[in-house]
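Each chain, letter by letter, is given below.
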6 protein chains.
Amino acid sequence: MTGVLTVGESMALVGSSRPEPLHAGATMTLGMGGAESNVAIGLRRLGTAATWVGRLGEDSAGDLVEKVLRGEGVTTRALRTRDVPTGLMLKEQRSTMETRIWYYRAGSAGSRLRPGDVTAQEVAEADLVHLTGITSALSASARDLVLDTARLAADAGVPVSFDLNYRSRLWDEASARALYARIVPQCAIVFGGLEEVEILIGPETDPVRAGHALRALGAGIAVVKLGAQGAVAVWDGGEVRVPAVPVQVRDTVGAGDAFVAGFLADHLAGNDVATALATAASVGAYACTGDGDWETLPTRADLRRLGGAEPVTR
Amino acid sequence: MTGVLTVGESMALVGSSRPEPLHAGATMTLGMGGAESNVAIGLRRLGTAATWVGRLGEDSAGDLVEKVLRGEGVTTRALRTRDVPTGLMLKEQRSTMETRIWYYRAGSAGSRLRPGDVTAQEVAEADLVHLTGITSALSASARDLVLDTARLAADAGVPVSFDLNYRSRLWDEASARALYARIVPQCAIVFGGLEEVEILIGPETDPVRAGHALRALGAGIAVVKLGAQGAVAVWDGGEVRVPAVPVQVRDTVGAGDAFVAGFLADHLAGNDVATALATAASVGAYACTGDGDWETLPTRADLRRLGGAEPVTR
Amino acid sequence: MTGVLTVGESMALVGSSRPEPLHAGATMTLGMGGAESNVAIGLRRLGTAATWVGRLGEDSAGDLVEKVLRGEGVTTRALRTRDVPTGLMLKEQRSTMETRIWYYRAGSAGSRLRPGDVTAQEVAEADLVHLTGITSALSASARDLVLDTARLAADAGVPVSFDLNYRSRLWDEASARALYARIVPQCAIVFGGLEEVEILIGPETDPVRAGHALRALGAGIAVVKLGAQGAVAVWDGGEVRVPAVPVQVRDTVGAGDAFVAGFLADHLAGNDVATALATAASVGAYACTGDGDWETLPTRADLRRLGGAEPVTR
Amino acid sequence: MTGVLTVGESMALVGSSRPEPLHAGATMTLGMGGAESNVAIGLRRLGTAATWVGRLGEDSAGDLVEKVLRGEGVTTRALRTRDVPTGLMLKEQRSTMETRIWYYRAGSAGSRLRPGDVTAQEVAEADLVHLTGITSALSASARDLVLDTARLAADAGVPVSFDLNYRSRLWDEASARALYARIVPQCAIVFGGLEEVEILIGPETDPVRAGHALRALGAGIAVVKLGAQGAVAVWDGGEVRVPAVPVQVRDTVGAGDAFVAGFLADHLAGNDVATALATAASVGAYACTGDGDWETLPTRADLRRLGGAEPVTR
Amino acid sequence: MTGVLTVGESMALVGSSRPEPLHAGATMTLGMGGAESNVAIGLRRLGTAATWVGRLGEDSAGDLVEKVLRGEGVTTRALRTRDVPTGLMLKEQRSTMETRIWYYRAGSAGSRLRPGDVTAQEVAEADLVHLTGITSALSASARDLVLDTARLAADAGVPVSFDLNYRSRLWDEASARALYARIVPQCAIVFGGLEEVEILIGPETDPVRAGHALRALGAGIAVVKLGAQGAVAVWDGGEVRVPAVPVQVRDTVGAGDAFVAGFLADHLAGNDVATALATAASVGAYACTGDGDWETLPTRADLRRLGGAEPVTR
Amino acid sequence: MTGVLTVGESMALVGSSRPEPLHAGATMTLGMGGAESNVAIGLRRLGTAATWVGRLGEDSAGDLVEKVLRGEGVTTRALRTRDVPTGLMLKEQRSTMETRIWYYRAGSAGSRLRPGDVTAQEVAEADLVHLTGITSALSASARDLVLDTARLAADAGVPVSFDLNYRSRLWDEASARALYARIVPQCAIVFGGLEEVEILIGPETDPVRAGHALRALGAGIAVVKLGAQGAVAVWDGGEVRVPAVPVQVRDTVGAGDAFVAGFLADHLAGNDVATALATAASVGAYACTGDGDWETLPTRADLRRLGGAEPVTR
Ligand SMILES: Nc1ncnc2c1ncn2[C@@H]1O[C@H](COP(=O)(O)OP(=O)(O)O)[C@@H](O)[C@H]1O
Ligand SMILES: Nc1ncnc2c1ncn2[C@@H]1O[C@H](COP(=O)(O)OP(=O)(O)O)[C@@H](O)[C@H]1O
Ligand SMILES: Nc1ncnc2c1ncn2[C@@H]1O[C@H](COP(=O)(O)OP(=O)(O)O)[C@@H](O)[C@H]1O
Ligand SMILES: Nc1ncnc2c1ncn2[C@@H]1O[C@H](COP(=O)(O)OP(=O)(O)O)[C@@H](O)[C@H]1O
Ligand SMILES: Nc1ncnc2c1ncn2[C@@H]1O[C@H](COP(=O)(O)OP(=O)(O)O)[C@@H](O)[C@H]1O
Ligand SMILES: Nc1ncnc2c1ncn2[C@@H]1O[C@H](COP(=O)(O)OP(=O)(O)O)[C@@H](O)[C@H]1O
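Rules used in this analysis
- Residues numbered from 1 in each chain as written.
- Chains lettered and ligands numbered in written order.
- Predicted model: local features only at pLDDT ≥ 70, side-chain atom pairs only at ≥ 80, totals over all residues.
- Heavy atoms only, no water.
- UniProt positions renumbered as here; feature names shortened; annotations may be inferred.
- Pairing = 2+ DSSP bridges.
- Helix = DSSP H or I, 4+ residues; strand = E, 2+ residues; numbered from the N terminus.
- Axes fitted to C-alpha atoms, helices over the stretch in contact; angles between N-to-C directions.
- Contact = heavy atoms within 4.5 Å.
- Near = heavy atom within 4 Å.
- Polar contact = N/O pair within 3.5 Å; in protein donor to acceptor, adjacent residues only side chain to side chain.
- Areas by Shrake-Rupley, 256 points an atom, 1.4 Å probe, with all protein chains shown as cover.
- Buried < 20%, exposed > 50% of the residue type's maximum accessible area, 1.4 Å probe, protein only.
- Buried area = accessible area lost by both parts, 1.4 Å probe.
- Salt bridge = Lys/Arg side-chain N within 4 Å of Asp/Glu carboxyl O.
- Nonpolar A, V, L, I, M, F, W, Y, C, P; charged D, E, K, R; others polar.
- Parallel < 35°, antiparallel > 145°, perpendicular 65-115°, else oblique.
- Left-handed = near helix turned anticlockwise from the far one by under 90°.
- Least-squares fit on C-alpha atoms with pLDDT ≥ 70 in both.

Under the annotation held in an unreviewed UniProt entry, chain A carries the name 2-dehydro-3-deoxygluconokinase and is attributed to Serinibacter salmoneus. Of the comments in the UniProt record for chain A, the one headed Sequence similarities (unreviewed entry) reads "Belongs to the carbohydrate kinase PfkB family."

Draft legend 1. Just the sheet that holds strand E4 (residues 50-57) of chain F, in detail. All names here are of chain F. The strand order across the open sheet formed by nine strands is E5-E4-E1-E8-E9-E10-E11-E12-E13, and the pairing between neighbours is mixed. Two strands in the sheet have a free side with no partner beyond their single neighbour: strand E5 (75-81) and strand E13 (238-242). The average undirected angle you get between the axes of adjacent strands in this sheet is 15°. Two elements, E4 and E5, share seven bridges in a ladder whose sense is parallel. Each residue of the ladder has a partner; that of Leu 56, found in E5, is Arg 80. Across the face of the sheet, helix H10 (residues 273-287) comes into contact with strand E11 (221-225), strand E12 (231-235) and E13 while running at roughly 25° to E13.

Draft legend 2. Summary view of the site of ligand 3. All names here are of chain C. Around ligand 3, 16 residues are found, and the nearest of them are Lys 225, Gly 227, Gly 230, Val 245 and Gly 256. Within the backbone of Gly 230, a nitrogen or oxygen atom sits 2.8 Å from an oxygen atom of ligand 3. Gly 256 has a polar backbone atom sitting 3.0 Å from an oxygen atom of ligand 3. For ligand 3, whose accessible area on its own is 540 Å², the fraction buried by protein is 82%. Sorting the residues of the shell around ligand 3 by element identifies helix H9 (255-268) and helix H10 (273-287) as the ones contributing at least two each.

Draft legend 3. Summary view of the sheet that holds strand E4 (residues 50-57) of chain C. Residues and elements named next belong to chain C. The strand order across the open sheet formed by nine strands is E5-E4-E1-E8-E9-E10-E11-E12-E13, and the pairing between neighbours is mixed. At either end of the open sheet lies a strand with only one pairing partner, and these are strand E5 (75-81) and strand E13 (238-242). Within the sheet, the average angular offset between the axes of one strand and its neighbour, ignoring direction, is 15°. Summarising the sheet, strand E8 (residues 128-132) and strand E9 (residues 160-163) pair through four bridges and their orientation is parallel. Bridge pairing links Val 129 to Val 160 in E9. Against the sheet, helix H1 (residues 35-45) contacts strand E1 (4-7), E4 and E8, and its axis sits at roughly 145° relative to E4.

Draft legend 4. Spatial organisation of the pairing of strand E2 (residues 11-16) of chain F. All names here are of chain F. Of all six residues making up E2, six are buried, and the element is well covered by its neighbours. Note: E2 against strand E3 (residues 27-33), six bridges, orientation antiparallel. When the bridges of E3 are listed, Val 14 appears paired with Leu 30. Of the strand pairs in this sheet, E2 and strand E6 (residues 88-95) are connected by four bridges, and their pairing is parallel. Across the sheet, residue Gly 15 finds its bridge partner in E6, namely Lys 91.

Draft legend 5. Molecular detail of the site of ligand 6. Residue and element names in this part refer to chain F. Residues in contact with ligand 6 amount to 16 residues; listed here are only the nearest, Lys 225, Gly 227, Gly 230, Val 245 and Gly 256. Measuring from an oxygen atom of ligand 6, one finds a side-chain N or O atom of Lys 225 at 3.0 Å. A distance of 2.8 Å is found between an oxygen atom of ligand 6 and a backbone nitrogen or oxygen belonging to Gly 230. Out of a free accessible area of 550 Å², ligand 6 has 82% covered by protein chains.

Draft legend 6. Region of the structure containing the interface of chain F and chain A. With four residues of chain F at the contact, the number on the chain A side is four residues. Buried surface at the junction of chain F and chain A, summed over both partners, amounts to about 160 Å²; 42% is from carbon and sulfur atoms. On the surface where chain F and chain A come into contact, there are zero salt bridges. At the surface where chain F touches chain A, the tally comes to zero residue pairs in polar contact (both at pLDDT 80 or more). When grouped by side-chain class, the residues that make up the side of chain F that touches chain A number one nonpolar, three polar and no charged.

Draft legend 7. Quick peek at the interface of chain A and chain C. On the chain C side, the residues contacting the 27 residues of chain A number 27 residues. Of the roughly 2000 Å² buried between chain A and chain C, counting both surfaces, carbon and sulfur atoms make up 70%. The tally of links between chain A and chain C comes to zero salt bridges. Applying the counting criterion to the chain A and chain C interface returns nine residue pairs in polar contact (both at pLDDT 80 or more). Sorting elements by how many residues they give to the side of chain A that touches chain C places strand E3 (residues 27-33) of chain A first, with five residues. Classifying every residue of the side of chain A that touches chain C gives 16 nonpolar, eight polar and three charged. For E3 of chain A and strand E3 (residues 27-33) of chain C, the ladder comprises three bridges, and the chain directions are antiparallel. Across the sheet, Thr 29 of chain A pairs through a bridge with Thr 27 of chain C, a residue of E3 of chain C.

Draft legend 8. Just the packing of helix H5 (residues 140-156) of chain A against helix H6 (residues 173-183) of chain A, in detail. Residues and elements named next belong to chain A. At their nearest, the axes of H5 and H6 sit 11 Å apart, and the two run at 15° to each other. If you check the angle between H5 and H6, you find them roughly parallel. Handedness of the H5/H6 crossing: right-handed. Seen from H5, the contacting residues are Arg 143, Val 146, Leu 147 and Ala 150; seen from H6, they are Leu 179, Arg 182 and Ile 183. In terms of residue class, the contact of H5 with H6 is made up of five nonpolar, no polar and two charged.

Draft legend 9. Looking closely at the relation of the copies chain F and chain A. Superposition record for chain F on chain A: RMSD 0.0 Å, screw rotation 180°, translation along axis 0.0 Å. Expressed as a symmetry operation, the mapping of one chain copy onto the other fits a two-fold axis. The C-alpha atom lying nearest the rotation axis in chain F is that of Gly 25 of chain F; the distance is 2.7 Å. Counting the interface residues of chain F, we find that 100% of their copies in chain A are interface residues as well, pointing to one common contact surface.

Draft legend 10. Focus on the pattern of salt bridges. The tally for this structure, following the rule as stated, stands at 150 salt bridges over all chains. Linking Asp 117 of chain C and Arg 55 of chain C is a salt bridge whose minimum nitrogen-to-oxygen distance equals 2.8 Å. Remark: Arg 55 of chain C occurs in strand E4 and Asp 117 of chain C occurs in the loop between strand E7 (98-104) and helix H3 (120-125); sequence separation between them is 62 residues. Taking the shortest distance from any N to any O, the salt bridge between Asp 155 of chain D and Arg 151 of chain D comes out at 3.5 Å. A residue pair is termed a helical-turn pair when its members lie 3 or 4 positions apart in one helix, as Asp 155 of chain D and Arg 151 of chain D do in helix H5 (residues 140-156) at four residues. Since its relative accessible area comes to 41%, Arg 151 of chain D is described here as partly exposed.

What follows is the structure, given as structure tokens:
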């Protein structure tokens, strides 16, 4: 078995390095990101095998993405696609209170994802397939790939996890709702923020009730992420809530992906939902303690030190 | 009408980029600053027309100042002055608790400001003239220009706002008091910190009483800035206090100018004093959430997001 | 009269700051670029009035572009366009010998340029209209705008200059040839590298003959840029060649736009072709002596110092 | 009298400049560090004379260390040693919650310290000799030098202060205990964190009792550092506790050395233990308000401003 | 077959980013290096499979090295070794004319390399085994591993290539000579600079004669690297000399490893010696056109563009 | 004897780090400079004792200057002066071809230098006193100090060297000529560029004749610096010319001061004029091979490596 298989778009990421409006002469840091590959890296840091499949351009941005993923130990199958660029994100740290992200992924290699890009065999060999609402929003063919991959998983008896991950700059709520409605019933695990779940189930202020609603639609385990308020999980054996782990926050982008990685790693290791949720919260919190979407993701050893008293080891 | 007209000295600003004593090899960031142009930029960001008049050297620092102001949409009338340099500020972030600023403006172009530099016509066309105690402290001729400009405004029936802005490295309290005593009675709006107001009115611990004292001297609206304690306004219709808007602070330099811009923008838009004071407090708070004296100044759209829950837009 | 009017796409520019492959963690510099606005800035630095018309997104990249142009004194009419991003360029300094540029302008605001974006009145008020092959390659509507603007100029008796500026990542040679064939006959001045001219006229190794061929097609003055070999101009009064001005080269990107600005500035000032060509070569060479596509563009005073012996002024 | 004499290893320090795992392409800052020289610099900033003796390689890292110390006004006697490098520390700011330090001092010049490196005369001329557990852990010869220097001080009637400073990467607790047991009885002042004191006296949760235990072993004044909980001192005249001074913390590395410098400076100036402890806590707190192990150390003037209301001086 | 197998020490590399003496506050760049892994990366960039075996500490520097190698597609078998650090290099760009490197590898994980670390099976599966004089100089056990690996290769009929790579800071000429004398006779290919070859064969000013001398000692192909003078190869079929490829040099460190990678890639692809030597010279030259020991290594596509006229692709 | 005594103004130096016009957001490097202290540092690097006397403000810039000089081993007597700032230089690397420097020294501490600041005793104890035209141009009192110090030297039989060092931004040629005419006759050694010598002696294109002219006015040894053309010396024993040493130039600012340091170091060591001139040319050339006014100054060991073939030591 090959651990978690995921498919999605990973992009170059150009981010500002201090809180100020983007301006000519600003120093930016180049990196890469993508919700699915963030999860894959998070899994690898925690010791779980992970495979990422995606499309990249035949350009330096594509090289960069591929090198990072391989370097992190993610099994990487990048379909390098001619004459279309690797996507790009521009990230502005407008102030200490607000981050803005713009996508340059119209016509990108990632938007060319299409049925067939993930093979029945690699699905069958996986322990779990992780999909997200972002891939579904990239293009019609990418959405078909997501549905197709979920079907392949069903055929092979491989569980599917899905992160709603709504992105208003990529599609509208109606389109997202239609896709969510088709895929959630097929999922062993569904992750979402409360507002994202509301797109599917309608207005709801109570995360536990939201979890039950997702389950009523067919999801096995429903996990509602609540940012600085922690998270909730509902499954056939019960419901559980964890508070956020208190940390000195630096950058919350990527916390959700970290959380998912933490949950899946523990879940695949055979831990119960409450344990997996606690680990997820720790991983999500840890990811907030440094810059970057995935760079700060913790190892198990890092997690152990998180509660420790001494901030300096030497 | 041309919105707010202001006159003052803007300078190159060399600032350290992290909390440590200035040292050889330190990386510094070049920018520009000046209380009056900070206010002008703040006004523009909020959608109010603004004109800045000043003197700059025929040097690269002068080019820099002019380009920033023009870029921000401030109508800029820079009198480029031969054989004297554009002023400069050196800013040391000594620690997370203390910032130190040294001026290199002795004999600068800005100190050559003199009566005649602001014309009767541009005063008459303005909606409001904004002056500060800093310009008054630069040189005798600059002080005369301030007094002269206030007189031109009176002649033209244009309201004057004045920020006491005491700078101990430029003059002493006695000189400041003399100037304040002459100008406050002519002002529609006077801004000051409590300690600055005390220079004029003598010891006073209550900002509301301080505001009344300013009004007793002839000010129309008296606004007392209280840093992290918010602010107070006193006018013929009453008195109002606003607390500071809670934000994650990065750099408080420039908060006062931001606050003034917020107040004037709302005031000129016809809002009442309480509304203008609340906007001022938001703008002042926003300005603390990033580096730089004016860079972080918000637009109206930024202000709307300030209270929002979601720190990431994408 | 309002000097030179130009229309095109300006974009955010993310460039690496030293010769190495793009890699995660690389420090990049944010700026902006665009052939037409480079020319406009070049003209302003040389003292010639310039107007730039274009489309930008309602995003921070658009703000950045607009602020730079306004800061440089270019009259800027930016049509801010909803729901599409400002374009972006990614620039890799792969080694000391090679620079690579990738465009993220598919579906950008700039690609929405369309007839009507430039008004008959602003064309009629201009001294000269400057257009390029890049705008023509962005989209069908942008190409129509270029043709439309040339027609408006013809109607108003305003001379048109055109830079072939072939970009293989935007269109193919056949499409370019078709457009060039339509526009060159309407132009008072045509600029191009030898390889670009060959797209239109077929194989030709001699730049002077290439110039005559352009003139035979209807161009008034034909200027062939030859990089480190200088340039050639052919007009009804004769032909002239200038060698490149020897400089310590840092970054040649933007040299062509600088050259065009130099030529147009002198031409509009009433200088003869030989003088304008010499100025063009100086401006092009100067632009190679620093980083950035337009940042190093010289003023007339800078040009005077270019030949001087003493490299330090103090 | 020559103030405080100290001996130890100072090293080049390569530290990351933001919270993220060390990675290829990371920007690092070069500096220098060493517990004893940190104390010496701290003393100089507070106006107390200080001499540092140590061994450095004949390399650029050695030049760097020597220049910093001389620049700070520390009388520096660096024995430059052939064919062995100056030691080096690599410092990773793993997250906002954890810093990791690795030593490259195996076989370093500092590990060659040996009896004779400190002369009887320079000990005799000192007001106080400051030693640490780190030097004792470098090598057998370095440990002998520490013991030797303590003996020279005893012979000359010069008081000795000692900071336990346990470093698990350099030796084990048993070795440390053996050394502590020999040296503590000879010390006028002993500093240590509670965990370090426990190495010598066995389990103890109460810092005051820990202080008494140290005194029972022969220490004159026992000072227990408690990080963000402040500190405790026990001496023959009594016991006193100070809370930590509240500050905006940036980097706590070096706080202990700053604290020691504060205590010794006041102690040598003739202040009583309670006063010295309060100063120590202020200096320790101040040192946390900026980056770097010693860079942020305060002068007396800095300390005075620490409590002040106004965070900007100009 | 698994391509080239190599074994050696790879280290963290802390390098200055501009020509100036190392100084406190200098900005450094973190990376990694090691002659053998440089060659492995070079091979991968050129499309040849490569495996690197080595020892790394259980520290962040070890993580960094492993991630870079995996990212570059090198099959990496890193033996993570407890309680010893990953080695480190400190690189000072003293001026535009001189670079200085200091090693921190005494007692490093790499120095623990020992017989058994490379298995008979991985040797047998390789197409070629590449060894260097550096590994031989690290420690007695590392030298034994080199000899052992050469013997395993002989047993399995796998060709060995060896780069003399003399490092005066690691051992003396007598020790190097003894090792060279044992290993050269077993090598299919030997690489060395002229001065390095002289250590083995005695004074010799003619590189061709030096090549013949190496062959007389048993080497199959002798390749003498001559820096900016190019290189020479001697083999049983003849002798050939290539000049250096003219490039704009930025940093020559790593040119030798690049050259070796170029030679081996072509040699294993079945090209003749003259062709392989020409490729080696191109790869060595390309490696000089950017910062970093291996970062600038070219792909085959990069090499094709090396001779091209147009320095900008877009 | 205390080696070379010099007096002058040293300032903070804010310099851009790459060739581009000064602009908002530019990254600058903080350092310090001053012709006299550059010479003092150069002497120390070469092993000659040096004392610098000057005035600095009671500010962080003054601390910085003092720490650098002490760090470099220069005996530093800084008169810290209340209420006036330490001077500052702003340095723009406008392009690869031009550097511009602006002074912020009007009313600086350095301009307060006055007779009495250098004591008769420290002059008498010196081996040589080095003065420059810059100090003479700062203010009337500074000029008087220069004349006074020269007189004290004459009284004590201590030789004086003088560098004409004309700065057009500080005074005009007539004032400089008057001062030069008074001081040159008292000097054992006079240094100047050809254009500077012409201020005193009138038009002259031949540097040897210029040297003779200086000697005719009373100078002992006349040394004419010729930039990239080398230098000439004329003395009672003859005349000698040296070409410039070929180096890869990075920044020529400070070459003249380096040259003077090289000459004085050799001269005081008893070498003849031709030897001293050759050393001066090497030191001047070395100083061009890195950034910074004094940072790249060489040691004797550095000079030995200058001619060497191998650019990497390890
Ligand atoms: N400020 C925070 N402090 C601690 N943990 C946090 C914080 N923000 C997020 N987390 C953790 O990460 C998880 C995911 O974060 P959230 O912001 O809800 O996800 P998303 O990135 O998908 O919006 C949360 O459920 C929580 O456990
Ligand atoms: N730490 C802060 N948090 C929130 N708002 C602040 C803070 N500091 C200042 N402000 C806002 O900015 C206004 C002006 O700041 P203040 O420091 O009083 O001005 P000045 O810069 O003139 O000293 C305050 O009245 C307050 O509204
Ligand atoms: N290396 C150089 N040295 C001096 N001048 C140059 C150099 N490169 C370009 N120029 C000048 O700039 C002009 C335009 O450069 P070129 O490279 O031909 O344009 P483009 O950027 O359009 O390809 C040239 O004609 C020449 O005058
Ligand atoms: N977070 C903090 N806030 C304020 N003061 C601190 C803080 N951390 C340390 N200090 C001060 O510095 C002293 C030494 O710090 P500590 O961490 O105990 O030393 P060490 O560096 O030796 O472990 C403490 O006793 C306290 O006075
Ligand atoms: N300055 C240079 N210009 C072009 N090619 C070079 C240059 N320096 C080295 N090379 C190429 O790289 C090869 C190896 O460089 P060399 O310096 O001899 O190796 P090493 O790094 O082992 O000392 C040379 O044989 C040459 O082909
Ligand atoms: N480009 C250069 N290459 C080599 N040596 C140089 C170079 N520029 C200056 N020098 C050396 O430094 C000396 C002083 O430089 P110069 O420019 O004449 O002084 P100044 O800085 O006073 O104008 C010259 O005489 C020469 O020996």
